[in-house]
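# Results of the structural survey
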Amino acid sequence: MNSLAVLHASQLVTLAGSKRPRVRSEMSELAIIHDGGMLVHDGIIVAIGSSAQIEKGARQSELVDAGGRVVLPGFVDAHAHPVFAGNRLDDFELRARGETYEQIAAAGGGIWSTVEKTRAASEAELFDQAKKHANWFLKCGTTTVEAKSGYGLTLEDELKMLRVIRRLNEETPIEFVPTFLGAHAIPRARRADEYVDLVINEMLPRVASEKLAEFCDVFCERGYFDIEQSRKILTAAKKSELKLRIHADQLTNSGGAKLAAELEATTADHLEKTDENGIAAMKASGVQPVLLPGSVYALGSTDYPRAREMIEAGLAVVIATDFNPGSSPSPSMPMMLSLACTQMKMRPAEAITASTINAACSLNRGDEIGSLEPGKLANFSIFDCEDYREIAYWFGFPQIHSVYVRGRPLLSRANET
Ligand code: NIG
Ligand code: FE
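Note that the structure is predicted; figures quoted are calculated from it, not measured.

### Comments concerning the packing of helix α7 (residues 192-209) against helix α8 (residues 227-239)
Put simply, α7 and α8 touch, their axes get as near as 10 Å, and they point 5° apart. For the element pair α7 / α8, the angle class is roughly parallel. Counted together, Ala192, Asp193, Val196, Asp197, Val199, Ile200 and Leu204 of α7 and Gln229, Lys232, Ile233, Ala236 and Ala237 of α8 form the full contact between these two elements. Residue composition of the contact of α7 with α8, by class: 8 nonpolar, 1 polar and 3 charged.

The structure is reproduced here in structure tokens:
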């Protein structure tokens, strides 16, 4: 048996609590143990307690001295687009010159330009680039990442992306949760209705029969997929036993949050333009909002979603990076926590809950990851600070000391300091 004892965490942030997503004041309860410790057997947490208690049961164990630092569950990034070819540096520069995301897309940049590069790339090339992105996530303390397709937009190219995600899962330490996003944009030279039929009749059956995805997502937005087309695709996905996520109300309040509620989607994501009616609809059917402040920031907007209203309404809020080459080129969950606190007025503890246990629940993995409790995977990070609030407070530089997945050390800056 492989045994590991983590000792002397200034704060062992356990998030121990009820086995469901946390709401309202529960989001501020982190169940912190001061001078905490944790015993791990074969990658599974078997005991949590004070350092003194854990040390007693740790005679045969390899010792990890956290040295008075913060220990946190691995971040769970519940919305990301980590597989793509190239970058969008030209879009970035055009935005710096004052053009908007929609203007750039209309002029030939945007999602479509990444689709062209992704189609031209081989599966091996895509994998190599995505592996580099996987390492970036790890360096930020993230150990689980939801991963969407959506830059292929033909049957073969969407399958290629999903196979890359499957290989990432097999060959990197991060767990990737695959989502089929064939409805990310309408390909050039295709009629919208014709493409919707292709997604429903050809792509979805293959994705489902080859078990390449757990979730289906749609970009429900003006110029992409309208409410009726989104409803059609997501209803078909549900029949294929995929669970649902939806890019909703990002640029316009088009009723995406309400559609998520109607279809009992697991999550509705973005929600920058969602109003109180959308919030009430999500509450009524238990949809989790996934807020993506990185894309608001990187698009140079100040229109952040109404996180406080959502928390006060009792929604189990999630924070994610939306890592992608266009609207959010950042894999950093600490950066998202900073934005959540400074721009959306979330409390640091709420932001931690939103990026760990609530995110895990939104990926259907609330009983395996997202908190440090006996029976769960020993996925955790040690941060070079004494108070968990420092993770959101200092920004723009890495505070990670080391990262563990299933009790295995994967990244350590211990020798650098
Ligand atoms: O979540 N909104 C749609 N999809 C991505 C952007 C993708 C891209 O621009 O390449 C998002 O922001
Ligand atoms: Fe996205």
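Let us keep going from here.
### Quick look at helix α6 (residues 155-171)
Between the first and last C-alpha of α6 there are 24 Å, a value that for 17 residues agrees with the 24 Å anticipated at 1.5 Å per step. Restricting attention to buried positions, one finds in α6 the residues Leu155, Asp157, Glu158, Leu159, Lys160, Met161, Leu162, Val164, Ile165 and Leu168. Residues of α6 that are buried in the fold lie against α4 (110-120), α5 (123-139), β6 (142-148), β7 (175-183) and α7.

### Comments concerning the coordination of the iron ion (ligand 2)
At this site the iron ion (ligand 2) is bound by His79 (NE2), His81 (NE2), His247 (NE2) and Asp322 (OD), with donor distances of 2.1 to 2.3 Å. Classification of histidine 81 by relative accessible area gives buried; the value is 2%.

### Digging into the site of ligand 1
Around ligand 1 sit 15 residues, and of these Arg88, Tyr101, Tyr151, Gln250 and Ser327 come closest. Between ligand 1 and the protein, one listed contact pairs an oxygen atom with a side-chain N or O atom of histidine 247 at 3.0 Å. Between an oxygen atom of ligand 1 and a side-chain N or O atom of aspartate 322, the distance comes to 2.9 Å.

The rules we used
- Residues numbered from 1 in each chain as written.
- Chains lettered and ligands numbered in written order.
- Predicted model: local features only at pLDDT ≥ 70, side-chain atom pairs only at ≥ 80, totals over all residues.
- Heavy atoms only, no water.
- Axes fitted to C-alpha atoms, helices over the stretch in contact; angles between N-to-C directions.
- Helix = DSSP H or I, 4+ residues; strand = E, 2+ residues; numbered from the N terminus.
- Parallel < 35°, antiparallel > 145°, perpendicular 65-115°, else oblique.
- Contact = heavy atoms within 4.5 Å.
- Nonpolar A, V, L, I, M, F, W, Y, C, P; charged D, E, K, R; others polar.
- Expected span 1.5 Å × (residues − 1).
- Buried < 20%, exposed > 50% of the residue type's maximum accessible area, 1.4 Å probe, protein only.
- Donors = N, O, S within 2.8 Å, 3.2 Å for Na, K, Ca; no water.
- Near = heavy atom within 4 Å.
- Polar contact = N/O pair within 3.5 Å; in protein donor to acceptor, adjacent residues only side chain to side chain.

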